[in-house]
Amino acid sequence: MFGATVLDDKAFFHGGILSNEATIPVNSSGFEVLDLKTMAPMIVQIDDKNNSVLSSRYRHQLAAWKNTILAVGGQIDDDFGVSRHIINVLVLNLNQRLWEVKKQFIQRSGASGQGDVMIDASVVSGDQLLVTFLQLDPTNFGRSFFSMNLNNQEVDYNFNVAYGAGEKVLDWPLLSLMTLGKDGDFPHILLQSKRLLSKPDNDTAWFEITGKGEIGVDGPLPFTASTAHWTLPGGGRSKVLSLKLLRVLDKPTLLIWAVTKADFADSRGQTVNAVSLWDVSMNGVMGKRNVSLRLSRIAMTLPSNMTSAAGLQSIDLPLVGKLSVGAKDVMVMPYIGNVDLVSELDYTNVDMQQWPGKGFIIRGSSMTDPHCQPIVTWQPFVVAVNLAASAKPAIRALSNSTFCSSRLAQLRAAAIVGDAAAMETGAKLHRVDSSQGPLLMILSSERKTRPGGQLLQLDIHAPLRGALVDLDGHSVQNLSVPLLGDYQHPVGIASCTTYLNGTAVYLQTGGWYHNDDDSTQQAQPGVIAVPINLSQPVQPMLKVTGSSEPKGTAYSSLACSAQGEIYMYGGLVIDRYKATPINHDEEGKPDSSHAEPVWASSGNLQAMRLSGSTVAPTLSKSWKLVPSASQNRTDSSTSIPSPRSGHTLTYLPQETVASMGLSSGALLLFGGSNSSNPSLISTLADMTAAAEALADVDFDRSAWLFDLKAHKWSKLQAQGLNTPPGLMHHSAAVVGTQ
C-alpha cells in the first residue's frame, strides 16, 4: 500500500500501512531513499506545508517524470480515523524538498456516478500521465480513464471504460497499466487479474484501451504463455503476491512474484519466493489482438537452511505450473525472510519497479523465520536486480532477515555489534603535516576476543595503537602510545590534531567508561595530548593541565585550528544519577541498588587555547562561546542548533569562508542525534531506534556555520538529494571549499 519509484539510481518509498499495525498509516511526509549503487539507505525529510498533502497517505502511486517525482491519488485518514480517497497529482521539487499540488480534481459525493473516487493505476508515458480510477458510488459503480498532459495539466482524454455492475471489465481487479508502443491515439494496455488473495486460480486477463465503441476497451484478449522448460505434472502450488507490467531494459515485461514450491534432489516441496519475468508482445490488428508471453528469466530465494541452488530439479510458476529447471536456469536472490500477505486488508505485500537501464527492484515486507529469531515481526526488505551489470546479473538485498540464511551471514550480523563498538570509540583519521608531505594518522584502543565468543572487548592493559600513512610514498609507520595511570579507554571520545611550537599534537577529551568499583557509567574529564615525533615508534601520552579543563562528555566533537585553537560542541553529559534496583528479596522488593547516570544532550560551544610545550602542554585559556544577543533558542528554534551528540564539528580557516563574506575562521556543525543513550549497540541493532534518533529534521537536512568573529550561528540549507543524509557518529573533513 506504499508508493514507490526509481529516479537516478535511487529508489524512493513513501507512506503505506504499518506492517505490524495493519490499520495504522505511516505518519510521515518524508521518504525512505535507497541508493541502488551502494544499497545505502537514508531518510529524506520533505517539507509538507500544503495542509499535509502527503502525510499519512497510502494506496497511492509514485512515478518519476523528468527529474521530479509525482504522487498520484491514494487515501488518508483524518484526525478521527475516517478514511477518504484523494484525487490529486503532486510534484516534488527535489531541490527545495517541497511538495506542490500539480492538479487537484473535484471530489464530489453522492449518487448518480458522482460518488467517492479511488485511483487504482497510473503510469507516465513521455509527458502524459495515464490514470484509471474507480467510482465507488454503490448505485453507479464504474471505472474510468484519463490522460493528462504534465506540462500544462490539461486532460486530453477522459472517458468511461466500464459502467454499471454488469460490465466485463469490472469483473477483474486492476493491477497494472503500461504502454506498448504507438498505435493511434491509445497505445495503452491494461493487465488485470482474477486472483489476488486466496482463490486457487492464477489466471490473468488483458484489456486494451482503444477509445472506440461504447466503453473504449477491447478484451479480454486471448494470450499464450510459452517456456523453454519441460512442463511436469503435479503443479499448481504457487500463490501470486504481485503482478506488474514494467519496461525491463526497455522491453515490455510482465513480472510475477509468487510464494511457491521447489523440488531439490534431497528435499522436495521446499517453500521459496520466485519472480518470473515474461517478455510481452502483441500480434494482430486492433480488435483482434493476441498477447504472447515468453518466459525469459526466473529469480528465486532459497530456504533459510540452504546456501545454493545445487540439486534444484523443478519449480512451480504461475500461468504454466510445474517446470523442470536446474540451478543454472535460475538467478538466486539472497534470503530476505518469509514473504506473504500481511493481512486481508493488503491486496499485495510486494511492489516491483523498473530500474531504468539496469533492471528492476522489489520492495515488500517479510516475516523472519521463527527458528532464527523468536520474536516474529514484519520487517521491510528491498531486492535490487541489475541485469545490465555483466554477463551474470548482480542481485543485492537489504533485509533484517538476511542474517538468518547462513553462518557467514550470522557472523556479519554479529559484526553490527562490533561496528557499534568501533564507532563508539570515536576514532577517526587525522592529518599530520611533515617534511615529506601530509600524513594520515589514526589512534585507537586495542581489542581482544572474549573467551569462547566472537565479540571484541577493550584490552584495558594494552597501549593505544595507531599508524601514520603516507599515501604518496605508499608506506605505513606503526605507532604505540603507553597509557597514563588513570586512562580508562573511554568510548565516545572527541579528538583533533593541532600544532604546538611546530610539532603536531593529537588531542583527546571526553568519552564514557564503566567504573568497575561501583558498576556505574562515568565520563572521562580533562584533555590528553600525544605529541607526534615522526622519528619515534613510541609516542608519549601527556595530561594537559589547566584550570578550565572540559567536564566529561561523551560523543561531543573537537575542531582544531593549526594555531592551537580548540573548539568543542555538544555531547552527552551526566545530568544526575538515579537509584536502580539490582537485587530483590524473597517478596520481590528491592534490597539493593546502584547509581545509574541520566545522560542529557548539551548545546554548549566551548573554546580553548593550547600553550606550553610538547613536554608540558597546558590550556592557557578556556571560555564559552555565547551567540550574540539576537540569537536565542527560546525565541526561535532555527536561530541556533539544538543540543546533540554524535555530530561533527570542523574548523574552517578564513580563506575557506572568505567568499561567504566572513573576515575570520568559522566552525561547521553537521549531523548528530537527539538520543540520550550512550550505548550504540541497541540503536544500531534496532532500525526503528536508529530512525527515531535521526527523526528531528534538524539532523537530516541542515548544517550550521558559526562565525568566530561575530559569534553568530547561520543555518545552511541542503539543496537537492545528493547532499548527505541524516548522519550520526560519522566523520568529516574539509578540503578547500569541499
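As the structure is a computational prediction, the values presented were derived from the model and not from experiment.

## Notes on the overall build of the chain
Helix and strand content of the chain: five helices and 53 strands. Split into buried and exposed, the 738 residues of the chain put 51% on the buried side. If you take every contact in the chain between residues at least 6 apart in sequence, the share linking residues at least 24 apart comes to 55%. Total accessible area on the chain is roughly 33500 Å²; 51% of this is exposed by carbon and sulfur atoms.

## Some details on the sheet that holds strand 43 (residues 542–544)
Taken in spatial order, the four strands of this open sheet run 38-39-42-43, and their pairing is antiparallel. Of all strands in the sheet, those bounded by a partner on one side alone are strand 38 (494–500) and strand 43. Adjacent strand axes in the sheet meet at a mean angle of 35 degrees when their direction is disregarded. Pairing of strand 38 with strand 39 (residues 503–509), which is carried by seven bridges, proceeds in the antiparallel orientation. Bridge pairing in strand 39 links Cys496 to Leu507.

## Description of the nonpolar core
Within the largest apolar cluster, 31 residues are counted, with the highest numbers of intra-cluster contacts made by Trp206, Leu254, Val291, Met300, Ile315 and Leu317. Only strand 21 (239–248), strand 22 (251–264), strand 23 (270–283), strand 24 (290–301) and strand 25 (312–317) provide two or more residues apiece to this core. In this structure, Val339, Met352, Phe360 and Phe381 belong to the second largest nonpolar core, which totals 23 residues.

## Re the packing of aromatic side chains
Inspection of the entire model under this criterion finds seven aromatic pairs. Measuring from centroid to centroid gives 6.4 Å for Trp206 and Phe223, while their planes differ by 55 degrees, and the two rings are tilted. Of the two residues, Trp206 is situated in strand 17 (residues 204–209) and Phe223 in strand 19 (residues 223–226); the sequence distance between them amounts to 17 residues. Relative to Trp713, the ring of Tyr569 lies with its centre 5.8 Å away and its plane at 70 degrees, an arrangement referred to as edge-to-face. Taken together, the residues span a long stretch of sequence, with Tyr569 in strand 45 (residues 565–569) and Trp713 in strand 53 (residues 712–717) at a distance of 144 residues. The exposure class assigned to Trp713 is buried, which follows from its relative accessible area of 5%.

## What to know about the side chain of Thr253
The topology assignment puts Thr253 in strand 22. A polar contact is formed between the side chain of Thr253 and the backbone oxygen of Lys251, at a distance of 2.9 Å. Residue contacts for Thr253: discarding those within four places in its chain leaves Lys244, Leu245, Leu246, Val248, Leu277, Trp278, Asp279 and Val280.

## A word on empty space enclosed by the protein
A full pass over the atoms with the stated rule returns four cavities of 30 Å³ or more. Space inside the largest cavity adds up to approximately 120 Å³. Residue lining of the largest cavity: 13 residues in total, with Tyr487, Gln524, Pro525, Val527 and Ile528 positioned closest to the centre. Of all the secondary-structure elements, those providing two or more residues to the lining of the largest cavity are strand 39 and strand 42 (527–531).

## Remarks on unusual backbone geometry
Here the phi dihedral of Leu319 falls at roughly 80 degrees; this positive angle occurs in a residue that is not glycine. Within the secondary structure layout, Leu319 lies in the loop between strand 25 and strand 26 (321–324). Given the relative accessible area of 27%, Leu319 is considered partly exposed. For Tyr555, which is not glycine, the phi dihedral falls at a positive 60 degrees. Examined against the element boundaries, Tyr555 turns out to sit in the loop between strand 43 and strand 44 (557–560). A residue is classified by how much of its surface remains accessible, and Tyr555, at 4% relative accessible area, is buried.

## So, the state of the cysteines
Using the criterion set out here, one finds one disulfide in the structure. A sulfur-sulfur separation of 1.8 Å characterises the disulfide bridge that pairs Cys496 with Cys560. With Cys496 in strand 38 and Cys560 in strand 44, the pair connects residues that are 64 residues apart, well separated along the chain. On the accessibility criterion, Cys496 (5% relative accessible area) is buried. Judged by relative accessible area, Cys560 falls into the buried class, the value being 13%.

## Examining the pattern of salt bridges
By the definition in use, this model includes ten salt bridges. Note that Arg294 is salt-bridged to Asp279, the shortest N-O span being 2.6 Å. With Arg294 in strand 24 and Asp279 in strand 23, the pair connects residues that are 15 residues apart, well separated along the chain. What emerges from the salt-bridge pattern is a single network uniting Asp263, Arg268 and Lys322.

## A look at the confidence of the model for the chain
On average, residues of the chain carry a pLDDT of 76, and 71% of them reach 70 or more. When the elements of the chain are averaged for pLDDT, helix 1 (residues 407–425) gives the smallest value, 47, and strand 25 the largest, 94. Taken as a whole, residues 110–114 scores under 50 in pLDDT and shows 14 contacts with residues more than four places along the chain or in a different chain. Considering only residues more than four positions removed or in separate chains, one finds that residues 633–637, a stretch of pLDDT under 50, has six contacts.

## Describing the sheet that holds strand 5 (residues 61–65)
Pairing is antiparallel in the open sheet, where four strands are placed in the order 5-6-9-10. Looking at strand neighbours, the two that pair on one side only are strand 5 and strand 10 (98–104), the edges of this open sheet. Within this sheet the neighbouring strands show an average axis-to-axis angle of 30 degrees, counted without direction.

## A look at the pairing of strand 36 (residues 464–470)
The buried count for strand 36 comes to five of seven residues, which makes it a mostly enclosed element. Where strand 33 (residues 437–444) and strand 36 come together, five bridges link them in antiparallel fashion. In the sheet register, Leu440 faces strand 36, and the bridge partner there is Val469. When strand 36 meets strand 37 (residues 475–481), the two strands line up antiparallel, connected through seven bridges. When the bridges of strand 37 are listed, Arg465 appears paired with Ser480.

## Quick notes on the side chain of His14
With respect to the helices, strands and loops of the structure, His14 is situated in strand 2 (residues 10–14). Within the structure, the side chain of His14 is placed 3.0 Å from the side chain of His60, a separation counted as a polar contact.

## Quick word on the pairing of strand 38
Of all seven residues in strand 38, seven are buried, a share of seventy percent or more. The alternating pattern of strand 38 places Ala494, Cys496, Thr498 and Leu500 and Ser495, Thr497 and Tyr499 on opposite faces, both of which are buried. Where strand 38 hands over to strand 39, the hairpin turn is made up of two residues, of which Asn501 adopts a positive phi near 55 degrees.

## Let's talk about the environment of Val44
With respect to the helices, strands and loops of the structure, Val44 is situated in strand 4 (residues 40–44). Look at Val44 and you get buried, because its relative accessible area is 3%. Separated by twelve residues in sequence, Val44 and Glu32 have C-alpha atoms that sit 6.4 Å apart.

Cut-offs used in this document
- Residues numbered from 1 in each chain as written.
- Predicted model: local features only at pLDDT ≥ 70, side-chain atom pairs only at ≥ 80, totals over all residues.
- Heavy atoms only, no water.
- Helix = DSSP H or I, 4+ residues; strand = E, 2+ residues; numbered from the N terminus.
- Buried < 20%, exposed > 50% of the residue type's maximum accessible area, 1.4 Å probe, protein only.
- Contact = heavy atoms within 4.5 Å.
- Areas by Shrake-Rupley, 256 points an atom, 1.4 Å probe, with all protein chains shown as cover.
- Pairing = 2+ DSSP bridges.
- Axes fitted to C-alpha atoms, helices over the stretch in contact; angles between N-to-C directions.
- Core = buried A, V, L, I, M, F, W, Y, C linked by side-chain atoms within 4.5 Å.
- Phe/Tyr/Trp six-rings, centres within 6.5 Å; stacked < 30°, edge-to-face > 60°.
- Polar contact = N/O pair within 3.5 Å; in protein donor to acceptor, adjacent residues only side chain to side chain.
- 1 Å grid on protein atoms, 1.4 Å probe; cavity = no way out; pocket = protein on both sides within 12 Å on 5 of 7 lines; lining within 4 Å.
- Points joined across faces, edges and corners; volume = space filled by probe spheres on them.
- Disulfide = S-S within 2.5 Å.
- Salt bridge = Lys/Arg side-chain N within 4 Å of Asp/Glu carboxyl O.
- pLDDT = per-residue confidence, 0-100.

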